[in-house]
Structures are given as structure tokens and as C-alpha cells.
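Fold and contact review
The primary structure of each chain is shown beneath.
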Amino acid sequence: MKSNSEGLIIDGIVAYIDRDNIDTDQIIPTEYLKSIKKFGFEDYLFDGWRYEDDGKLGVKKEERIINKEFILNNEPFNKSKILLSRDNFGCGSSREHAVWALRDFGIKAVIASSFGDIFYNNCFKNSVLPIKLEKNYIEMMFNETKDDLLEISIDIQKKEINLKQKIIKFEVDDFLIDRIIYGLDDVDVTLKEKNKIMNFEKERIKNKPWIFAND
Amino acid sequence: MKTLYDKLWEEHHVTQLDSGESLLYIDRHYLHEVTSPQAFEGLSKKNLKPWRLEANIATPDHNVPTTRGNNFNSDQIKDEISKIQVVELDKNCNIFGIKQFDIKSTKQGIVHVIGPELGYTLPGMTIVCGDSHTSTHGALGCLAMGIGTSEVEHVLATQCLKVSKLKNMIVKFEGTPADNVTSKDIVLYLIGLIGTAGGTGYAIEFAGSYIEGISIESRMTICNMAIEAGAKVGLIAPDKTTVDYVREKSFLDSETLKKAEEYWLNLKTDDDANFEKEIVIDIAKIKPQVTWGTSPEMVVNFDDKIPTPSDSAEDDNKNIELAREYMGIDTASKLSDLVFDKVFIGSCTNSRIEDLRQAAEIVKGKFVADNISEAIVVPGSGLVKEQAENEGLDKVFEEAGFIWRDPGCSMCLGMNPDQLKPYERCASTSNRNFEGRQGYLGRTHLMSPLMAAYTAINGTVGEPS
Ligand code: SF4
């Protein structure tokens, strides 16, 4: 476990994108899926919106035409750890690159009214916390961003958001919270069940031989 | 009392972990070049080998150019970065000993096209792939779903997937479709109805008299797009059509096959099973569907008005406005007011032989309209290509002014040379019309192969004839 208590609190100014159905092609366009690395995607997050030119893998932010209107290009949002959006965030492709890009940019939590299933799952493998909130809370938070910077603090373990002393509870399965906090490696955990898997497989080979036939 | 999904879940359930999640045993794992390199790297770092080598089948599809001709090697890919990924897949398959239909193979193709047609996808299997359209394989009665790269590594290493159970939904399509209405129109209609998050958290079983009457190819088109309705899993109970299809493709010996068939034909939802959500659709009233916006749910009858912000609920206004702007709808009121630039017939949704036959029927003896700068047909696999050529479809397309290509994902996504230029408008048989999906600032309209073929000839959408 990360022993510093900071790991359990995510706080700061909320960046926001007021849109439904932000898909993984938006979070990171296909061009960047050509990378065979697991890191280094920060400059390509929301590429189509962040820049006014067409990017290529390997071309850095400094060489691009920046869209000054886009929220993540501006202080203080360029350092936000929390991103607020609306319905069905992360729908579309299964590319884990979408989560890698958010993570590499420094986003530690995404708040939305719903998420794409595969994206939601991918988040926990990379210590990004997706938080589902009722639509009225999302609306309230967007309203808060209108006149002023919205600053919140998220307590991961207590599963609550502190917004100007108002506490908003959220739901996440405990085992998923543990994964964010402890950063467990799934392969190691599963291989502890090695014998069960082997026995299961033996039975299956006997009962359903066609599954195991080779051409 | 159990649904098909419940049964497949239970049959593959290895154990429940302390976390409350389950380990599901995975029968088949497909790999392609985009979502696998980091998984192989993880495996190497942990000094692990694939748990069951034969479960894995790989092919490159996303990055491959579709103008390869014969004897083309991975090394010959011009885009240096695409090349690295394809070469990396070659390398990883060699190192680990995984069976690959590589870029030179006559059986290479889009992973979701080659799996079923080579007999690797069998009813009752659990199937995963680092690709959201893995739901396609559900058409044969499989529990199939897309996974992320961390999970690709996990499946390679443990032959299991760590998951929580989904909820059950059934969608019944009843009735007979009107002329020119295909399974693509029907699934687009469903997405328009329930929205792109309508199936989130669910496994959707497709049933009803319509489903019973259609081919496996048509069923694959429907299950393929389950993910566009938010559902990771889409599935259809195996029946005689399924068994006939599998038998034709199978490499199993006849005795094993016979035993399997018996099992497959009994694999279905119990009569009194409970679904958390049920939708019944009378398909007789569905017209050909075409998307107008930047999400598959932004879909209308081909001859309907394109929505404007004023005719929708307030919280949708902004989405509609943004989509209209991106798509360059301007003053157009109907889809037929829009002038198209490109036509793409292909992708794991609609690149199978039946799709190509339907499209060829429309274009036969006609010619691509002047405003269409490029119309391409990209068969989903080497085998589809060969079959189509045997039937002379390539000639039909070429004589009409289409370009006949080599298999791959092609213009479905902007990773290979087949891309839209900024602001180009494309009639596409693929599955995603997201911003930039087919190329930077490109504009995608999703539709059936029939409608795409007609759009190529007519220059814009209309009633296919
Ligand atoms: S054809 Fe398109 S949707 Fe299908 S696997 Fe390829 S890129 Fe993905």
C-alpha cells in the first residue's frame, strides 16, 4: 500500500467537458494506438479538441497548433487531477490507451453520470477512479463551474466527495477501491488460484473436447 | 429459469475470488497488433508463458494497407509506425509460438471475420479479444466480449478473465422486414431507440422470428453493434442455421462434431427465464437507417428530417448542435441534401460475402456518381475476397468504378492509409461515426451495404433501387 495518506485523497480544481457520449476515439484518436508502449500518451489526450492541426505519434505538444479555447490547455485546468463530464463517458472502443492518456496527463478521477463498461473496467487497472454520480449532482457541479473555479476533494476510502463542505457519497465496489489504493497486479492474484484453473480445465477437456481440438 | 447468458456464465465459472469477482475460463482468445504489444511485454517481464497456447489466434488487421497485392511482407508497410506494430505481432507470435494468420496469409483478415469462418469460433465458447467488437462472435451463441490490454495479458497468463456478472436484457425482433431493410438497419434502429448507453451493464440476447430467419452473417452484424448500444455482450442462441454454418467451416472430426451439435442445439434460454429488461420491436415498420451525427444513436430513417436543436429535449440540444456543426449539416434538412465524397464498404460489421453480394446487386451495370471521388470495397478476409472473386463480384464492382481492395479494417478507422481527408463526407458500412474516426475531421454516415452501394451510384442517400 502507498503509505502516504495522499494516495487516499484526490483534490483540486475540477476540469470539465460538458458533453454526453465522449467516446474513446475522442479521448485518444486512433493514430496514437500505433504506440507499442504503455506510457507517454499525455500530449495526445483529447487530441482532436486540444489542437487545431492533425497530430502524429511522436510529435510533441510544443510542435502543434494549440486550440486556446480548449479547457485542458488553460491554467489552472492543465494541472487538474479531476475531470467532470456527463453521460456515457468512455463509450466505444476497448482501447486501454484512453485510460493511459488520462493517467499520463495526470487525471486521477473522472466524474460522470455513466461510463462505457469496458472503459470503466480499464480505469481500475491503471489507478484512475471513475465516479458515477446521479445526474442532478452532475448538473449541480457544472453549475458550480460557471462563475468560479470548482475545487473539490475526493476521499477514496470513504467514497465521498467534499464540495464546499457538502458531502456527496458515491458507490464503487470495495474490491475496485482496493485496486486503486493498493495497485494490485491481477495476474499475480489470479495465479494464486492456479490449481482451481487446472482442475477446471481438465474437466472441460473431458466434457467438451471440441473446444480443445486443433486444426 | 436461466438465460443463455446465465448458462454460459455458469459453465465457465472457475471460482469466485475474495473480491467478489469471478474467474471465467476463456475458451478462445483472438489477438491483433494494436492491443497486444503491451500485453506481451507484461508477460515477458513476469517471465510467463501463455497458459494454453492453442487457445490463441492472431492476425494483423487495423494497420495493414489494403493495396498490398501478392507477396507483401510486414516490412513493406510504408508508415514506419504502423510497420512497427505489425512486425511486433510477427515477433511476439514467433517468440511465444502463437498461431498467426500473418499479412502474407491468404486467410488473414479482420479478426472478427476470420474467427468464425475458419472454424475457431464455436457455439458455447467464451471468447475474448482486445477489441470491443468481439461481441460479434455472440452471433454463434458464444459469450464473447471485448477487453482492455491489461486483460489481454491476464488472459494470456491465466486463461481466465476476472469479471462481474452482467444483467440480462432480451431484444425480440418480430416480423418481416420491408424491402431494402437489412440487419444493419435493424440494429441501427435499435441503437436509435435505446441510445448508446441503453445496453450498458447488460448482456443483450437477440431473439424473435426475424432473428430465427436470418443468416449467421446477418446475425453477426447485429451482435457486432451490441457494443454501440453500450452492451459488452450480444448473443443469439444456436439453432439449425448456426450448426449448419459451423459444420461447413469446421475442422473437427465428424464424431466430435456430432456430439457437439447435440449440445449446441440445447443451448438456449429457458422458457421462464427472467430478463431485467425486455424490448420487443415490430420490424415491419423499420425503414433503411442512416446516421446523421457523431454517435451511432444519432440515426434517422433515410428520408426523415435531420434533427435540429429546437425539436428535441433541452438536455440534448447541445449534443445535436455540436454534431450538426461537426458534420457540416448547415442548412440541409434531409440526408438526401448532403453531397457525399467517399464510399466505404467493409469493416467487421459488413464485409462478409452476403454484404458484398447485396452491394454488388445494386451497382451492377451502373456507375459511381461524379461527386464520389473514391468508392472502395474491402472484403473482410482473404477467404471472403477469394469467394467474391470466384463469384465475379470484384468485376461487378470494378466495372461500376469501385476499387477492389485487400482485406483489413481499412477505412473503418484512421490507422492505415485508407482515411478521409478533413471535411470529406463518407457513406460507410462500418460501426462508428465518432469525430475523427475515419480520419481527422472526416464525416461518417453509417448505413447498410445496400444503402452505401446506392449512395455511390446516386451521389447521395435515397431509396435503393
Ligand atoms: S473493422 Fe473497425 S470495428 Fe472492426 S475490428 Fe477493425 S477497426 Fe475495429
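Residues numbered from 1 in each chain as written. Chains lettered and ligands numbered in written order. Predicted model: local features only at pLDDT ≥ 70, side-chain atom pairs only at ≥ 80, totals over all residues. Heavy atoms only, no water.

As for the overall build of chain B
In terms of regular secondary structure, chain B is built from 15 helices and 19 strands. The C-alpha radius of gyration of chain B comes to 21 Å, within 12% of the 23 Å expected for a compact globule of 465 residues. Expressed along its principal axes, the backbone C-alpha trace of chain B runs to roughly 60 × 55 × 45 Å. For chain B, the residues scored as buried account for 68% of the 465 residues in total. Taking as baseline every contact in chain B between residues at least 6 positions apart, the subset at least 24 positions apart corresponds to 75%. Taken as a whole, chain B presents about 15600 Å² of accessible surface, with 46% of it coming from carbon and sulfur. Here chain B carries 47 positive and 68 negative side-chain charges, and the mean point of each set is 3 Å from the other. (Helix = DSSP H or I, 4+ residues; strand = E, 2+ residues; numbered from the N terminus. Rg over C-alpha atoms; globule rule 2.2 N^0.38 Å. Buried < 20%, exposed > 50% of the residue type's maximum accessible area, 1.4 Å probe, protein only. Contact = heavy atoms within 4.5 Å. Areas by Shrake-Rupley, 256 points an atom, 1.4 Å probe, with all protein chains shown as cover. Lys, Arg positive; Asp, Glu negative; His and termini not counted. Charge placed at Lys NZ, Arg CZ, Asp CG, Glu CD.)

Some remarks on the interface of chain A and chain B
Across the contact, 60 residues belong to chain A and 82 residues belong to chain B. Between chain A and chain B lies a buried interface of about 5900 Å² when both sides are counted; carbon and sulfur atoms form 57% of it. When residues of chain A are sorted by the area they lose upon contact with chain B, Lys 34, Ile 36 and Trp 210 of chain A head the list and together hold 14% of the total. For the pair chain A and chain B, the interface holds 13 salt bridges. With a closest N to O distance of 3.9 Å, Lys 125 of chain A and Glu 151 of chain B form a salt bridge. Our count for the contact surface shared by chain A and chain B stands at 42 residue pairs in polar contact (both at pLDDT 80 or more). Of all the elements in the fold, those that place two or more residues in the side of chain A that touches chain B are helix 1 (24-27), helix 3 (97-105), helix 4 (117-124), helix 6 (174-182), helix 7 (186-191) and helix 8 (194-207) of chain A. The dominant element in the side of chain A that touches chain B, judged by the number of residues it contributes, is helix 8 of chain A, at seven residues. Considered class by class, the residues forming the side of chain A that touches chain B number 20 nonpolar, 13 polar and 27 charged. (Buried area = accessible area lost by both parts, 1.4 Å probe. Salt bridge = Lys/Arg side-chain N within 4 Å of Asp/Glu carboxyl O. Polar contact = N/O pair within 3.5 Å; in protein donor to acceptor, adjacent residues only side chain to side chain. Nonpolar A, V, L, I, M, F, W, Y, C, P; charged D, E, K, R; others polar.)

Focus: the domain arrangement of chain A
For chain A, the domain assignment lists domain 1 (2-184) and domain 2 (185-215). Between domain 1 of chain A and domain 2 of chain A, the C-alpha centre-to-centre distance is 36 Å. (Domains from an automatic or database assignment.)

Some details on the sheet that holds strand 5 (residues 99-100) of chain B
Sheet strands associate in pairs through backbone hydrogen bonding, adopting either a parallel or an antiparallel arrangement. Residues and elements named next belong to chain B. Spatially, the five strands line up as an open sheet ordered 5-4-3-6-7, and their pairing is parallel. Unpaired on one side and paired on the other, strand 5 and strand 7 (143-146) mark the two borders of the sheet. Here strand 3 (residues 28-31) runs beside strand 4 (residues 56-58); their pairing, made up of three bridges, is parallel. Paired with Leu 31 across the two strands is Ala 58, which belongs to strand 4. (Pairing = 2+ DSSP bridges.)

Some thoughts on the pairing of strand 2 (residues 22-25) of chain B
All names here are of chain B. Of the two faces of strand 2, the one carrying Ser 22 and Leu 24 and the one carrying Leu 23 and Tyr 25 are both buried. Sheet topology note: the strand 1 (residues 13-16)/strand 2 ladder contains three bridges and is antiparallel. Looking at the pairing, His 13 lines up with Leu 24 of strand 2. Here strand 2 pairs with strand 8 (residues 160-163) via four bridges, running antiparallel. Its bridge partner lying in strand 8, Ser 22 is registered against Val 163.

Here's the deal with the sheet that holds strand 2 of chain B
Residue and element names in this part refer to chain B. The strand order across the open sheet built from three strands is 1-2-8, with neighbouring strands paired in antiparallel fashion. The outermost strands of the open sheet, each flanked by one partner alone, are strand 1 and strand 8. Strand-to-strand twist of the sheet, defined as the mean angle between neighbouring strand axes without regard to direction, takes the value 25 degrees. (Axes fitted to C-alpha atoms, helices over the stretch in contact; angles between N-to-C directions.)

Points about the nonpolar core
Core analysis: the largest hydrophobic core is formed by 115 residues, its most contacted members being Phe 46, Phe 89, Ile 111, Leu 129 and Ile 154 of chain A together with Phe 402 of chain B. At seven residues, helix 15 (residues 449-458) of chain B tops the list of elements feeding residues into this core. Sequence-distant contacts of Leu 129 of chain A, defined by excluding residues within four places in its chain, comprise Lys 108, Ala 109, Val 110, Phe 124, Ile 154, Ile 156, Phe 170, Val 172, Ile 177 and Ile 180 of chain A. (Core = buried A, V, L, I, M, F, W, Y, C linked by side-chain atoms within 4.5 Å.)

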